[in-house]
Structure formats: structure tokens, C-alpha cells
Amino acid sequence: MAFLGVGLRSDMEQKMFQFEDPKFTGLYVYDTSVENFADQIPIEIPIPECHPHGINILDLDNHDSNNLLRIFIVSHAYTYSDGKTKLGNEEVVIFDFDAVKKIRVGDFIRVRHPEKMWHLNDVAAISKNSFIVSNWHNDLTDNYPSLLKFLTILTLDYYRATSFIEFDDTGKVVSSQFVTSPSKQSNGVLYDRNSKRLFVNNMMFSQTIVYNFDYNHPENPPTHIKTIQLNPAFN
């Protein structure tokens, strides 16, 4: 199955490009097991006040929940073109999806944390109730004077590390911490639960940084394994 985010907008993009307001926000779901799957009419999952960016999927079959997938979606805050109507927050939206019946199951869970989830890019599901997000810059600097913002960007104060978040079934954060050092414009993030390796893409320097990180003991800081230099066009 393929889950595609629809309606991606962010305050930064709106300020720069003045996009039209999205008419649908949520996910399109395609069954990739059939031929010519791209030609099918997708299943629509509308998600109110959601402007989806990074998406990750956790197979709940390993958690005694047959046929269920847990979907994790980065959602941006967005101010509409009237300059007054603001919907959504920088958050991760989570829901369960029945892969057989092809329907959403249960309510949406929305997780926010103003100190560990700033301007999000991507999410990596760790367990049913935990994930890692990449923060690519600090929204608090958006209103700084240009010179001060430039000086802030020269330091790593402008950037935020990846964050490990644990939450309950209501979306309340029960524990949180930064797990990697500030990285200039962290973009994609991936976690391999088998090898316990965390992969973070640094889009400014076209690098993927690999760490050892045991999600069973998040209090232990990750250890750097290697930095992979990629093509300059890599994002």
C-alpha cells in the first residue's frame, strides 16, 4: 500500500509563494498489489487541520493487532490566504488503518511538544506509542530582524536536533528528549528497529548521518557510526 499526503502547506511556504488554499487535506491510499495501481481512484482519508509532510508506517501485526497499520504523519501549521485563519499545528498526527477493509480505525491522535517539536520535516515510527522527528529549524527566529536571524543561522541555535517522543493514547507526551546534536536542516529520518540504527539526512551538506540508538533505553545518547557523503543534489 502507498500513502500519499495531500494538501501540504506551511506558514513559510505561504509567505514565500502565496499558494492557493488547499481544498483537501489528508491522505490518498493506493493498493500497490494490483496492476496499474497508479490508475486507480485512491481511497481518501480526510484529516481536518492537517497539512501532511513526512509519513511513516508501523505494522501493528507485531503488536497483536491483526491487519492494522499505524500511520504517523508530520503536519504543519498553516495560515490561510486571508492572513487570519490559522489551522493546524506543528504536530504528528497518528491513526490506525485496516489494511484488509481499507478503512481508518479509531480516532486521530495528535502529538505536540513546543520544546522538542519545532518545524518538523520527517517522522520515524519507533513503537506503537513512540517516534523520532527531525526538526529542520527553529520557528522562534522567524520574527527576528534579518541581521540577528543571519547571526543565529551561523550558530547552531537556529537548528534543532532530532527528538524522541513517547506519548499515551490521548496524544499526551509522557517523555521526550533530543537524541542527536543540532544538524543544519535535518530532513529525512529513518530508524531500523532490528539493527537499532538511526539515519538522519542533513540536507544542507548532502549527508546521511548514521547512529546507534537503542529505543529501549532512550536515556542513553546515540553513538555516531559514520557520515555518508552523498550527491550534492540529495535531499
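To be clear, the structure that these remarks concern was listed above.
None of these values were measured; they are calculated from a predicted model.

Conventions used here
Residues numbered from 1 in each chain as written. Predicted model: local features only at pLDDT ≥ 70, side-chain atom pairs only at ≥ 80, totals over all residues. Heavy atoms only, no water. Helix = DSSP H or I, 4+ residues; strand = E, 2+ residues; numbered from the N terminus. Buried < 20%, exposed > 50% of the residue type's maximum accessible area, 1.4 Å probe, protein only. Contact = heavy atoms within 4.5 Å. Polar contact = N/O pair within 3.5 Å; in protein donor to acceptor, adjacent residues only side chain to side chain. Pairing = 2+ DSSP bridges. Axes fitted to C-alpha atoms, helices over the stretch in contact; angles between N-to-C directions. Salt bridge = Lys/Arg side-chain N within 4 Å of Asp/Glu carboxyl O.

## Considering the environment of Thr25
Step number 1: With respect to the helices, strands and loops of the structure, Thr25 is situated in the loop between α1 (11-17) and β2 (26-30).
Step number 2: A residue is classified by how much of its surface remains accessible, and Thr25, at 15% relative accessible area, is buried.
Step number 3: With 26 residues separating them along the chain, Thr25 and His51 place their C-alpha atoms 6.1 Å apart.
Step number 4: Among all residues touching Thr25, those that are not within four sequence positions of it are Val6, Gly7, Ile45, Pro46, Ile47, Glu49, Cys50 and His51.
Step number 5: Among the polar contacts made by the side chain of Thr25, one reaches the main-chain carbonyl oxygen of Cys50 at a distance of 3.3 Å.

## Focus on the sheet that holds β2
Step number 1: Taken together, three strands build an open sheet; the order of strands is β1-β2-β3 and the sheet is antiparallel. Both edges of this open sheet fall to β1 (2-6) and β3 (43-46), since each of them pairs with a single strand only. This sheet shows a mean twist of 25° between the axes of neighbouring strands, independent of strand direction.
Step number 2: Pairing geometry for β2 and β3, over four bridges, is antiparallel. Each bridged residue has a counterpart across the sheet, and for Val29 the counterpart in β3 is Ile43.

## Structural notes on the sheet that holds strand β8 (residues 91-98)
Step number 1: Within the open sheet, the four strands sit side by side as β4-β5-β8-β9. Their pairing is antiparallel. If you trace the sheet from one side to the other, it starts and ends with β4 (52-59) and β9 (103-111), each paired once. Pairs of neighbouring strands in the sheet enclose a mean axial angle of 20°, with direction left out of account.
Step number 2: Summarising the sheet, strand β5 (residues 68-75) and β8 pair through eight bridges and their orientation is antiparallel. Note that in β8 the partner of Ile71 across the bridge is Phe95.

## Concerning the pattern of salt bridges
Step number 1: Evaluated as defined, the whole model comprises four salt bridges.
Step number 2: The residue Arg70 makes a salt bridge to Asp96 at a minimum N-O spacing of 2.7 Å. Here Asp96 lies in strand β8 and Arg70 lies in strand β5, a separation of 26 residues in the sequence. The exposure classification of Arg70 matches that of Asp96, with both residues buried.
Step number 3: Shared partners join several salt bridges into a network, and the residues in it are Glu91, Arg110 and Arg112.

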